[in-house]
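Chains, contacts and geometry: an overview
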Amino acid sequence: MLRGTVADIRGGRVIIDVGGIGYIVAVRSTLDFSVGIEATLHTHLAVRENALDLYGFLAIEELRMFEELIKLPKIGPKSAMQVLVQADVATLKKAITTQDSVFLTKMSGIGKKTAEKIVAELKDAFEDEIFLESTPTGDHDVVDALMALGYSQKDAREASLKIPQDITDTRKRITAALKIVSS
């Protein structure tokens, strides 16, 4: 992570002055910055044979998506940054978890095979997050209870989604989920 003053902005990069040392950092959008302001960037250092490149993100979720993308074969830091420039993290997570590779192919530089690889490889990485973001708070307790009883996380999640929404009491939701997984 870098925290410092924006000293300059040029061509998709910002220079962050940290204690008198200027770091050139590639960013998603330079529109988020102006010279003279304090900035905090979550960073990734890409080490290549002939260069050390810093990639910076305002949100930790952006950094996490970037790092998940560069784990994939044939997707380097520049390609991953290009993906993040074209779509926000929430949209990418939704496309990945719903296996919408067509959405990804509409992005510049992403072909059909690459889009399918992104969806296939990253689906599991974001499935739990999407579930937690879209699940009512009481259902976290339901999933935890079922897992404590030895059920898999997948089975517990699926059961919690099948519970009628008119059952609002957590204990009753757990009981209903138990009936669902045991049938």
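The paragraphs below set out a description of the structure included in this document.

Overview of helix H7 (residues 153–162)
Looking only at H7, the buried set comprises Ala 156, Arg 157, Ala 159 and Ser 160. Down the axis, H7 shows its buried residues gathered within 165° of arc, on one side only. Along H7, the residues that are exposed and aim more than 90 degrees away from the buried face are Lys 154, Leu 161 and Lys 162.

Considering the packing of helix H1 (residues 60–70) against helix H3 (residues 89–97)
One way to put it is that H1 packs onto H3 with a least axis distance of 10 Å and a crossing angle of 45°. In terms of axis orientation, H1 runs oblique to H3. As for how H1 packs across H3, the hand of that crossing is left-handed. Across the interface between the two elements, Glu 61, Glu 62 and Met 65 from H1 touch Val 89, Leu 92, Lys 93 and Ile 96 from H3. Split by residue class, the contact of H1 with H3 holds four nonpolar, no polar and three charged.

As for a nonpolar patch on the surface
A cluster of nonpolar side chains, contributed by Leu 45, Val 47 and Leu 52, occupies part of the molecular surface with about 320 Å² of accessible area. Along the polypeptide, Leu 45 turns up in strand E4 (residues 38–47).

Observations regarding the sheet that holds strand E3 (residues 21–27)
With mixed pairing, the five strands of this closed barrel are ordered in space as E1-E2-E3-E5-E4. Going across the sheet, the axis of each strand differs from the next one's by a mean of 55°, ignoring polarity. Sheet topology places E3 next to strand E5 (residues 52–57); three bridges connect them, and they run parallel. Bridging from a neighbouring strand, Val 27 pairs with Gly 56 of E5. Along the sheet face, H1 touches E4 and E5 and points at about 10° away from the line of E4. Together, E3, E4 and E5 form the strand contacts of helix H2 (residues 77–86), whose direction differs from that of E5 by roughly 20°.

A word on the side chain of Thr 43
Looking at the element boundaries, Thr 43 is found in strand E4. At 3.4 Å, the side chain of Thr 43 and the backbone nitrogen of Met 1 are in polar contact. Not counting residues within four places of it along the chain, the set of residues in contact with Thr 43 comprises Met 1, Leu 2, Leu 54, Tyr 55, Gly 56 and Leu 63.

Considerations on the packing of aromatic side chains
Any aromatic ring pair is given by two values, namely how distant the centres are and how the planes are angled relative to each other. Counted under the stated rule, the structure contains two aromatic pairs. When the ring of Phe 57 is compared with that of Phe 66, the centres are 5.0 Å apart and the planes differ by 45°; the resulting orientation is tilted.

Description of the packing of H1 against H2
Look at H1 against H2: their axes get within 9 Å of each other, and the N-to-C directions meet at 135°. In terms of orientation, H1 and H2 fall into the oblique class. The way H1 lies across H2 gives a crossing that is right-handed. Within the contact between the two elements, H1 uses Glu 62, Met 65, Phe 66, Leu 69 and Ile 70 and H2 uses Pro 77, Ala 80, Met 81, Val 83 and Leu 84.

Topic: the nonpolar core
Core analysis: the biggest nonpolar cluster contains 26 residues, and Met 65, Leu 69, Leu 92, Leu 104 and Ile 118 have the highest contact counts within it. Mapped onto this core, the elements with two or more residues apiece are E5, H1, H2, H3 and helix H5 (112–134). Take this core: its biggest share by element is five residues, from H5. With residues up to four places along the chain from it excluded, the contact list for Leu 104 reads Leu 92, Ile 110, Ala 115, Ile 118 and Val 119. With ten residues, the next largest nonpolar core counts Ile 16, Val 25, Leu 41 and Leu 54 among its residues.

Reading the values: rules and limits
Residues numbered from 1 in each chain as written. Predicted model: local features only at pLDDT ≥ 70, side-chain atom pairs only at ≥ 80, totals over all residues. Heavy atoms only, no water. Buried < 20%, exposed > 50% of the residue type's maximum accessible area, 1.4 Å probe, protein only. Helix = DSSP H or I, 4+ residues; strand = E, 2+ residues; numbered from the N terminus. Arc of directions from axis to C-beta. Axes fitted to C-alpha atoms, helices over the stretch in contact; angles between N-to-C directions. Parallel < 35°, antiparallel > 145°, perpendicular 65-115°, else oblique. Left-handed = near helix turned anticlockwise from the far one by under 90°. Contact = heavy atoms within 4.5 Å. Nonpolar A, V, L, I, M, F, W, Y, C, P; charged D, E, K, R; others polar. Patch = residues over 30% accessible without salt bridge, like charges linked within 9 Å, V, L, I, M, F, W, Y side chains within 5 Å. Areas by Shrake-Rupley, 256 points an atom, 1.4 Å probe, with all protein chains shown as cover. Salt bridge = Lys/Arg side-chain N within 4 Å of Asp/Glu carboxyl O. Pairing = 2+ DSSP bridges. Polar contact = N/O pair within 3.5 Å; in protein donor to acceptor, adjacent residues only side chain to side chain. Phe/Tyr/Trp six-rings, centres within 6.5 Å; stacked < 30°, edge-to-face > 60°. Core = buried A, V, L, I, M, F, W, Y, C linked by side-chain atoms within 4.5 Å.

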